[in-house]
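# Structure assessment
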Amino acid sequence: MTEPLFDKVAIVGLGLIGSSLARGIKKHGLATTVTGFDGSADVRARSRDLGFCDSIAETVDEAVTGAQLVILAVPVGAMAAAAQSVAPHLADGAIVTDVGSVKAAVVRQVADALPDHAAFVPGHPVAGTEHSGPEAVFADLFDGRWCVVTPCARSTDASVKKVVALWTALGSTVETMTPEHHDIVLAITSHIPHLIAYNIVGTAADLEDVTQSEVIKFSAGAFRDFTRIAASDPVMWRDVFLNNKEAVLEVLGRFSEDLAALQRMIRWDDGQSLQGHFARTRAIRRSIID
Ligand code: TYR
């Protein structure tokens, strides 16, 4: 058990990330009280049954009042509304943080909605699974993972230190960068891979000559490894692409060029270039530890 970092923490949004944060904070004794809130009455009721928070509030007002830390754990497209809903209830000196997969758009939308007496520290735990909702909760989700913190004009040194201390206590390694740099790095390491997975599953579903049961039966041939993330939450990912449009389109352009080059190597029986390309990418992939 660590000394509590906060007296009261409020978590707004009780999906996989919000619920796992609550459970992790409780497990490590990082707050005296964790109060959860979700806009859906059904999610609130299920969260109450699962019992990962000390209490589930019926209103945002009740959740946020008196909290030193407010964590926004809603889809990126709902961040602005979440920030507006917590704003009137924030205590003096409260810290607001978020867990969105996109940072520049979130900073633009959230920073202006918050009152001057609160600080905002944007964050992104690079952790998750293809499962969603409070039932997907697990306390160790952030253990051994990276968390990116992207301080903005509304972050103070003290508030950044507190948020970094929280993620570190949950077992994450924190790296700090600008919101814009975050968005291009994550476009290639996370957003585009999800888009490719969504796309290939769609292509498989639409092929006239291959049945769905054949795709399922023979998925061990790579489809299964490659497409786990295509089961991810549709609303969350819709919002990621719409809010990181520029970086995603930029990286997607490069991806399409590279794909066209591979297509050309196959068409022209250019085995040497294909092998050279695969040897280079194998070396890179092997340096990533699973
Ligand atoms: N969906 C990813 C997986 O299942 C996890 C993830 C998702 C991590 C979004 C970060 C993020 O922003 O592996």
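Below, the structure is looked at part by part. (Residues numbered from 1 in each chain as written. Predicted model: local features only at pLDDT ≥ 70, side-chain atom pairs only at ≥ 80, totals over all residues. Heavy atoms only, no water.)

Glancing now at the sheet that holds strand S9 (residues 173-176). With mixed pairing, three strands are arranged side by side in an open sheet as S7-S8-S9. Only two strands of the sheet have a single neighbouring strand rather than two, namely strand S7 (123-126) and S9. The average undirected angle you get between the axes of adjacent strands in this sheet is 25 degrees. (Pairing = 2+ DSSP bridges. Helix = DSSP H or I, 4+ residues; strand = E, 2+ residues; numbered from the N terminus. Axes fitted to C-alpha atoms, helices over the stretch in contact; angles between N-to-C directions.)

What follows is about the side chain of serine 172. Mapped onto the secondary structure, serine 172 falls in the loop between helix H6 (157-169) and S9. Among the residues examined, serine 172 registers a relative accessible area of 6% and is labelled buried. Looking at serine 172, its side chain comes within polar contact range of the main-chain oxygen of phenylalanine 142, at 2.8 Å. If near-sequence neighbours (up to four positions away) are discounted, serine 172 is found in contact with Phe142, Arg145, Cys147 and Trp167. (Buried < 20%, exposed > 50% of the residue type's maximum accessible area, 1.4 Å probe, protein only. Polar contact = N/O pair within 3.5 Å; in protein donor to acceptor, adjacent residues only side chain to side chain. Contact = heavy atoms within 4.5 Å.)

Another aspect to go through is the site of the ligand. Around the ligand, the neighbouring residues are Ser101, His124, Val126, Ala127, Gly128, Thr129, Glu130, His194, Arg228, Ile229, Met236 and Trp237. A distance of 2.5 Å separates an oxygen atom of the ligand from a polar atom in the side chain of histidine 124. Protein coverage of the free-state accessible area of the ligand, which is 340 Å², stands at 87%. Within the residue set of the shell around the ligand, elements represented by two or more residues are S7 and helix H10 (234-243). Of the residues contributing to the shell around the ligand, the split by class is five nonpolar, five polar and two charged. (Near = heavy atom within 4 Å. Areas by Shrake-Rupley, 256 points an atom, 1.4 Å probe, with all protein chains shown as cover. Nonpolar A, V, L, I, M, F, W, Y, C, P; charged D, E, K, R; others polar.)

Here we come to the sheet that holds strand S1 (residues 6-12). Spatial strand order, S3-S2-S1-S4-S5-S6: six strands in an open sheet with parallel pairing. Whereas interior strands pair on both sides, the edge strands pair on one side only; in this sheet they are strand S3 (55-56) and strand S6 (119-121). Here strand S4 (residues 69-72) runs beside strand S5 (residues 95-98); their pairing, made up of four bridges, is parallel. Opposite isoleucine 71, over in S5, you have threonine 97 as the bridge partner. Sitting on the sheet, helix H1 (residues 16-27) is in contact with S1, strand S2 (31-37) and S4, with an inclination near 165 degrees to S2.

Bringing H6 into the picture now. Compared with the 18 Å implied by 1.5 Å per residue over 13 residues, the 18 Å span of H6 between its first and last C-alpha is a close match. Listed in full, the buried residues belonging to H6 are Ser159, Val160, Val163, Leu166 and Trp167. One side of H6 carries all its buried residues, which in axial view fall inside an arc of 125 degrees. Structural note: H6 exposes Asp157, Ala158 and Lys161 on the side pointing more than 90 degrees away from its buried face. (Expected span 1.5 Å × (residues − 1). Arc of directions from axis to C-beta.)

Before going further, it helps to spend a moment on unusual backbone geometry. Unusually for a residue other than glycine, alanine 222 sits at a positive phi of about 130 degrees. Secondary-structure assignment places alanine 222 in the loop between helix H8 (212-217) and helix H9 (223-227). With relative accessibility at 41%, the residue alanine 222 sits in the partly exposed group.

Within this structure, the stated rule accounts for two aromatic pairs. Pairing phenylalanine 142 with tryptophan 167 gives two aromatic rings, centres 5.2 Å apart and planes at 75 degrees, and the pair type is edge-to-face. Placement of the pair is phenylalanine 142 in the loop between S7 and strand S8 (146-149) and tryptophan 167 in helix H6, with a sequence separation of 25 residues. Phenylalanine 142 sits in the buried class, given a relative accessible area of 1%. Their ring planes at 45 degrees and their centres at 6.0 Å tell us that tryptophan 237 and phenylalanine 241 sit as a pair that is tilted. Here tryptophan 237 and its partner phenylalanine 241 are both found in helix H10, four residues apart, which amounts to about one turn of the helix. (Phe/Tyr/Trp six-rings, centres within 6.5 Å; stacked < 30°, edge-to-face > 60°.)

The analysis is restricted to geometry; functional conclusions fall outside its scope.
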